[in-house]
Amino acid sequence: MKFSLEPQVEGRYEGNEFRRKVWLSLADQYICDMKIDWDKTVKFAFNERSNPDDNTLGMQIVKDLHRTGCSGFSGEDNEAERAVLKRILLAYARWNKAVGYCQGFNVIAALLLDVMDRKEADALKVGVNIRDFMNV
């Protein structure tokens, strides 16, 4: 039997599936421990109405989107993917007004979206957990 740090299922590398499960499990536990009403948080963070700070935050976020460098979120063909990335970054900035948006969050959010199969609420949940864990 060969030892590997990479999780495998039927001989295939299944890293993102394993990461998704572990990261979501940790984030779910954190949300529960902190007594965060997640449904309410998602409705607030991803609402369709514009918040007073959205224009300023949106301009900051857009400046960084083309610098993401992740293949799924860069290039001229990926405008829809960049829109998803912008939504998750804006959602996080709405949720954490004290931090808002910081340069470089786009790279972290792109990774989270990739691992979470582009599920925005899951990516936000893991991002909230990571941010509080690192105490950014």
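Anything mentioned here points back to the structure above.
Residues numbered from 1 in each chain as written. Predicted model: local features only at pLDDT ≥ 70, side-chain atom pairs only at ≥ 80, totals over all residues. Heavy atoms only, no water.

**Thoughts on helix H5 (residues 105-115)**
Owing to its 3.6 residues per turn, the α-helix brings residues three or four apart onto one side. If you check which residues of H5 are buried, you get Phe105, Asn106, Ala109, Ala110, Leu112, Leu113 and Val115. Downstream of H5 by one or two residues, Asp117 has phi in the positive range, about 55 degrees. (Buried < 20%, exposed > 50% of the residue type's maximum accessible area, 1.4 Å probe, protein only. Helix = DSSP H or I, 4+ residues; strand = E, 2+ residues; numbered from the N terminus.)

**Thoughts on the environment of Asp28**
Note on placement: Asp28 falls in helix H1 (residues 15-33). With a relative accessible area of 37%, Asp28 lands in the partly exposed category. With 101 residues separating them in the primary sequence, Asp28 and Asn129 have C-alpha atoms 8.6 Å apart.

**Some details on the packing of aromatic side chains**
Applying the stated criterion across every chain yields a total of three aromatic pairs. When the centroid spacing of 5.9 Å and the interplanar angle of 45 degrees are considered together, the rings of Tyr92 and Trp95 count as tilted. Linking Tyr92 with Trp95, this pair stays in helix H4 (residues 79-95), spanning three residues, or about one helical turn. Overall, Trp95 belongs to the partly exposed group, its relative accessible area being 25%. A ring pair is formed by Tyr101 and Phe105, whose centres lie 6.0 Å apart and whose planes are at 85 degrees; its orientation type is edge-to-face. Overall, the relative accessible area of 16% leaves Phe105 in the buried class. Feature note: the residues Tyr92, Trp95, Tyr101 and Phe105 constitute an aromatic cluster, connected by ring pairs. (Phe/Tyr/Trp six-rings, centres within 6.5 Å; stacked < 30°, edge-to-face > 60°.)

Function cannot be inferred from these measures alone, as they are strictly geometric.
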